[in-house]
Each structure stands twice: as structure tokens, then as C-alpha cells.
Amino acid sequence: MGGWATRALLVILLIAGAAAMTCAIITSQSRPAVGIEGEILFEASRIREGRPLYIDPIAGIHEYGEPPTRYYVLYPPLWSWLVSLLPESAALLGSRIIATLLWLGLICAIVFSARQSSRWVMGLGGLFIAGTYVLILYGSSGRPDSAALCLAGIGLLLSVKAGRSGFLAGVLFALAAWLKPHVIGLGAGAFLATLLIDRRAAGFTVLGALAVSTPIAFILQKASGGVWISHLVMSTAQPLVLSIWLDNLYSRLPFFAAFISFAAWCGFHERSSINARIALSALAASVFWTLLLLAKTGSASNYWMEPCVAALIVFSQSAPSRLSPIVATVATVQALWVGIATVRSSLDDIENTPKQSAILAKARQICGIGQQDVVLADEPGFEFSLNNRVIATPYQFTHLVTSGMFPVEIWQNDLIRPDVRCLVVHTDILERPLSAVDIQTDLFPPRIREVLSQRFVLAAQDGGMHVYKLRNGTQSDSPKN
């Protein structure tokens, strides 16, 4: 039974992996930039053009015309700076290719770091991670996630191999956190285990982290005029909500529970090994940190990338040479659950991506406007592709308005400026009553939705995208004082 289950597991993983990779490759060039990708591209464009990156969002910047651009710099801009080194025409595709290679390269490096006798089981684990849609979706995105996890993963591999973290691991863990601030579980776990094993090595880990963190912080402080921390907080510190935490546990934990639990079980049985203890500590820390972050408004499946990397590294020290019949059967059920979702989601993406790209390309034509007119959107990536700049970052502003940290009147006045003549959104939010609010997914608060609904009317929709044009009789209003 174990043999048949293992063969079935391999077939399922190969099918899911083929679907996920096909989707990532086919959509890499045509998939519109969404979420963080759009903000990274815009920040990279400002760095490339020599413009100041840190601004006052309340005052806005008028160098692009009206309405002014308002945004908070999302992360410490290391990844944005790296993307700025790419030609503008290749920045989106190039960043996606680099991220994909880093993500898959890390998985392969972990698999081949394992002892020869467990390579087969390690290969199955690597296939599971590489072929999970919700992981490759972010692993192949032009976001800093893959780069940060690659650095942290290599740092953990070095720590596990040495039986303690050290100066170089500290450098890598710190760089990972500067790239993506939430990628701290691997480094924290390795450091805590090292602290119990060898305090001198733990001290060198801290020195390594400080060696890169001190100059980065100094440069950011000087370049931003001292506001980089406030920008980071304002753009990322969304509230923790119990209902969101419960929903995320219910919807995402079944995808990874068996894989991570089996890794923990294997690592626990090898706990007499210092190497396994380092890896197991990193797994525990990353799982704890991820479970905490799942309560954050806007949390997504990318938070599970770090525990999956930790689990695979635990396997590299503790995986058996073969799967028992019971384990193989459970793994097959887990892989089938994830594989069906991966194939379905991949096919949906392959079908909808061309439709989304096409309707974005036709948005101005649908709205009957010229190139000098402004198209608003609920995603910075859409605005950047349509206007060559970002007008605002609705996700951050929605939560800042809700918490009273950003004046909603400023945002409202921007929406009714004369040049604003079209709107593109990727949800049906304007078709819902104002009383229907979803704090997890809504990208416009009710008062902004009210202004948009009064000003725009649905003109076209396809692939989940909605294009709105000015209502008949709507004039180009002047902003309120």
C-alpha cells in the first residue's frame, strides 16, 4: 500500500507542479502588476529617474500633474532599488523571472543539501512546495518575498550545517528582513537555538546583522529625512483582527498542516542532533510568527512560504529514506487536496489573465478619454501601467482613513478633479451597497465608494475586471477647498 501511495503521491505532485509552472511561465509577461508589484515598480521608476522617493503624502507631489500623487514607501526600498537597475520596459518581467529563479533555486538547494539516502523524500517535499499554487503565485511575483526567503534560507542552511549561526548567517538574516520585514522567523529561530548552544557564535550573529543593518539604516535615515520608519509603519501596520485570524486558519491551514506537522515530527525524532535542533527551532519560530501574522488585515498565503522553507530544511536533516504506508497515504491525501486547488486556480489564471490585460489596454478607449486624462484604479499596478505613475495606494489609505490617520477629504477631493475620467477595479465593490464592508479585502472605504459611485458608471467588465466611465451629465468638478 505504501508503494502505491508513494507512486500516486509522485504523480499528483508532478501534475500539480506542471500546472503551477505552466501558469507562472504563460502569465509572467501578460499578468497585470497587482498589489505590491505595482508599488515596487513605481518606487523603482522614481529611483531610476533620480526623483525623491520619500514624500509627504498629505501634501502630495504635483510633478506628474493633477491629481497629485500620494503614497507611503512600502518597505525599506532595497528591492525597489534592485528593480530600478533593470530597464523600465523589462522591470516587471525581469523582476518576476529573478524572483522565480530565486524561489525555485532555494528549493533545489535545500533538496540537494540533504543526505543521499533521503533525497527521494526530499524531492517529494520540494515538489510539493514548488507545485502549490498559493506559494508559486508569490514566489514568481516581482515582489521581494523570494529574494528575502532565499537569503534567509541560505542563512539557515549555513547555520544548520555548522550547528550554529554565525557572522555570515547574521548578515543574510538581516538582509532578508530589510528586503521583506516580516521574514524574520528563520533568523530568530536559528539565533535562539544558537544562543543556547554557543553564546559566542550568537554574538557573532548579532555582529553580522549589525554590520549590514547599521549602514542601511544610516542611508535610509539620511535619504528619507528621517521619515522611513513612519512610512514603513503607516504602510504595513494594519490591525490584528480575530475574525481574520480564524478565517485564515480555516482557509489556509489545511493546505500546509500535514506537511509542516510531518516535518516537525521528523525533526523532533532527530532532536539529539544539534543540526536538527537548529532547523527545528527555525521551524517553530517561523510557524509561530506566521500564525500571529495571520490575524493581520491583508495577510495572505505568502506568509506560509517561510514555514514551508523551514519545514523543508528540517527534512534535510531528518527525512527518512522512504515513507511508511500510513505517512504516504496521508501525504497523498494532502497533495490531492492541494493539487486540485492548484490545477483549478492555474487554469483560471491562464484563462483570465489575457482578458484582464486586454481590458486594461482598452480602458481609455472604453471610457472615451485621451492620453492626458487620468485613470484611477484600486491597484497601484493598474494605475502605473495606465498613467505611468501611481495616484494613490488604496489598500494602505483605506486602513489609514478607517483609523483616522489620513484625512478622507483629501482623497475625496482628488477623485473629482477635472483630469480624472475613468476608473478600473478588479472586484465588484462598487456594485455592492455601501453597508456591505469587508475589512479584509475592500480597497475603498465607504465614503470613497460613495464618491466613486456618484461619479462613475459601469462601462465594461471581463476576467473579473470592471471599467467605469463618467456618468452622463457628470462634469469635471473642481476640488473642494
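If you're wondering where the values come from, they're calculated on a predicted model, not measured in any experiment. (Residues numbered from 1 in each chain as written. Predicted model: local features only at pLDDT ≥ 70, side-chain atom pairs only at ≥ 80, totals over all residues. Heavy atoms only, no water.)

Summing up its helical and strand segments, the chain has 20 helices and four strands in all. The C-alpha atoms of the chain give a radius of gyration of 24 Å, which matches the 23 Å a tight globule of 481 residues would have. Expressed along its principal axes, the backbone C-alpha trace of the chain runs to roughly 75 × 50 × 40 Å. Looking at the chain as a whole, 54% of its 481 residues qualify as buried. Considering only residue pairs separated by 6 or more positions, the chain has 76% of its internal contacts joining residues 24 or more positions apart. A total accessible area of about 20,300 Å² is found for the chain, and carbon and sulfur atoms account for 65% of it. A distance of 9 Å separates the average location of the 35 positive side-chain charges in the chain from that of its 30 negative side-chain charges. (Helix = DSSP H or I, 4+ residues; strand = E, 2+ residues; numbered from the N terminus. Rg over C-alpha atoms; globule rule 2.2 N^0.38 Å. Buried < 20%, exposed > 50% of the residue type's maximum accessible area, 1.4 Å probe, protein only. Contact = heavy atoms within 4.5 Å. Areas by Shrake-Rupley, 256 points an atom, 1.4 Å probe, with all protein chains shown as cover. Lys, Arg positive; Asp, Glu negative; His and termini not counted. Charge placed at Lys NZ, Arg CZ, Asp CG, Glu CD.)

Tallied over the full model, the rule gives 13 salt bridges. For E66, the salt bridge identified is with R417, shortest N-O distance 3.4 Å. Of the two residues, E66 is situated in the loop between α2 (36-48) and α3 (78-84) and R417 in the loop between α19 (408-415) and β2 (420-425); the sequence distance between them amounts to 351 residues. With a relative accessible area of 17%, R417 lands in the buried category. The closest approach of N and O atoms between E351 and K355, which form a salt bridge, is 3.4 Å. A residue pair is termed a helical-turn pair when its members lie 3 or 4 positions apart in one helix, as E351 and K355 do in helix α15 (residues 325-361) at four residues. We classify E351 as partly exposed; its relative accessible area is 46%. Overall, K355 belongs to the partly exposed group, its relative accessible area being 28%. Shared partners join several salt bridges into a network, and the residues in it are R46, E49, R51 and E63. (Salt bridge = Lys/Arg side-chain N within 4 Å of Asp/Glu carboxyl O.)

To continue, consider helix α8 (residues 167-179). With 13 residues, α8 extends 19 Å between its outermost C-alpha atoms, agreeing within 8% with the 18 Å of an ideal straight helix rising 1.5 Å per residue. All of the buried residues along α8 are A169, G170, V171, L172, F173, A174, A176, W178 and L179. Turning to α8, the residues buried within the fold contact α3, α7 (145-162), α9 (185-197), α10 (199-224) and α11 (228-236). (Expected span 1.5 Å × (residues − 1).)

Okay, α2 next. Taking 1.5 Å of rise per residue, the 13 residues of α2 would be expected to cover 18 Å, and the 18 Å separating its terminal C-alpha atoms lies within 8% of that figure. For α2, the tally of buried residues reaches eleven of 13 residues, placing the bulk of the element in the interior. Among the residues making up α2, those that are buried are I36, E37, G38, E39, I40, L41, F42, E43, A44, S45 and R46. Next to the buried residues of α2 lie α3, α4 (91-113), α17 (380-387) and α18 (394-402). Immediately downstream of α2, the backbone of G50 shows phi near 75°, a positive value.

This part takes up the pairing of strand β4 (residues 465-470). With five of its six residues buried, β4 lies for the most part within the structure. Two strands pair when backbone bridges link them, and β2 and β4 are joined in this way by four bridges, in the antiparallel orientation. Its bridge partner being in β4, C422 is matched across the sheet by K469. Of the pairings in the sheet, the one linking strand β3 (residues 456-462) to β4 comprises six bridges and is antiparallel in character. Among the inter-strand pairings, F456 is bridged to a residue of β4, identified as L470. Connecting the antiparallel pair β3 and β4 is a turn made up of two residues, with G463 showing a positive phi of about 60°. (Pairing = 2+ DSSP bridges.)

As a further point, take the side chain of E383. Along the polypeptide, E383 turns up in helix α17. One buried charged residue, E383, remains without a salt bridge, the closest side chain of opposite sign being R389 at 7.5 Å. Setting aside residues up to four positions removed in sequence, E383 forms contacts with V375, L376, A377, N388, R389, V390, I391 and A392.

Time to look at the state of the cysteines. Summed over all chains, the structure comprises one disulfide. A sulfur-sulfur distance of 2.0 Å marks the disulfide that ties C367 to C422. Taking the torsion about the sulfur-sulfur bond, which here is approximately 55°, the covalent link between C367 and C422 counts as right-handed. You can see C367 sitting in helix α16 (residues 363-367) and its partner C422 sitting in strand β2, a full 55 residues away along the chain. Grouping residues by exposure puts C367 and C422 together as buried. Of all cysteine sulfurs, the one in C108 lies closest to C150, which takes part in no disulfide; the gap is 11 Å. (Disulfide = S-S within 2.5 Å.)

Another aspect to go through is a nonpolar patch on the surface. Where nonpolar side chains cluster on the molecular surface, the patch consists of F167, F204, V206, L207 and L210 and spans about 430 Å² of accessible area. Per element, the largest residue contribution to the nonpolar patch is four residues, and it comes from α10. (Patch = residues over 30% accessible without salt bridge, like charges linked within 9 Å, V, L, I, M, F, W, Y side chains within 5 Å.)

Nonpolar side chains in soluble globular proteins generally cluster together in the buried interior. In this structure, W103, I129, L156, F256 and L283 are the most contacted members of the largest nonpolar core, which totals 93 residues. In terms of residue count, helix α14 (residues 305-318) provides more of this core than any other element does, nine residues in total. Excluding residues that lie within four positions of it along the chain, L283 makes contacts with I260, A263, A264, P307, A310, A311 and V314. (Core = buried A, V, L, I, M, F, W, Y, C linked by side-chain atoms within 4.5 Å.)

The next subject is the environment of A209. Topologically, A209 is positioned in helix α10. Apart from residues no more than four positions distant in its own chain, A209 is found in contact with G170, V171 and A174.

This part takes up the packing of α19 against helix α20 (residues 446-455). Between α19 and α20, the shortest axis-to-axis distance is 10 Å and the interhelical angle comes to 15°. In terms of orientation, α19 lies roughly parallel with respect to α20. Two packed elements cross with a definite hand, and for α19 against α20 that hand is right-handed. Contacts between α19 and α20 involve V408, E409, W411, Q412 and L415 on the former and, on the latter, R447, I448, V451, L452 and R455. (Axes fitted to C-alpha atoms, helices over the stretch in contact; angles between N-to-C directions. Parallel < 35°, antiparallel > 145°, perpendicular 65-115°, else oblique. Left-handed = near helix turned anticlockwise from the far one by under 90°.)

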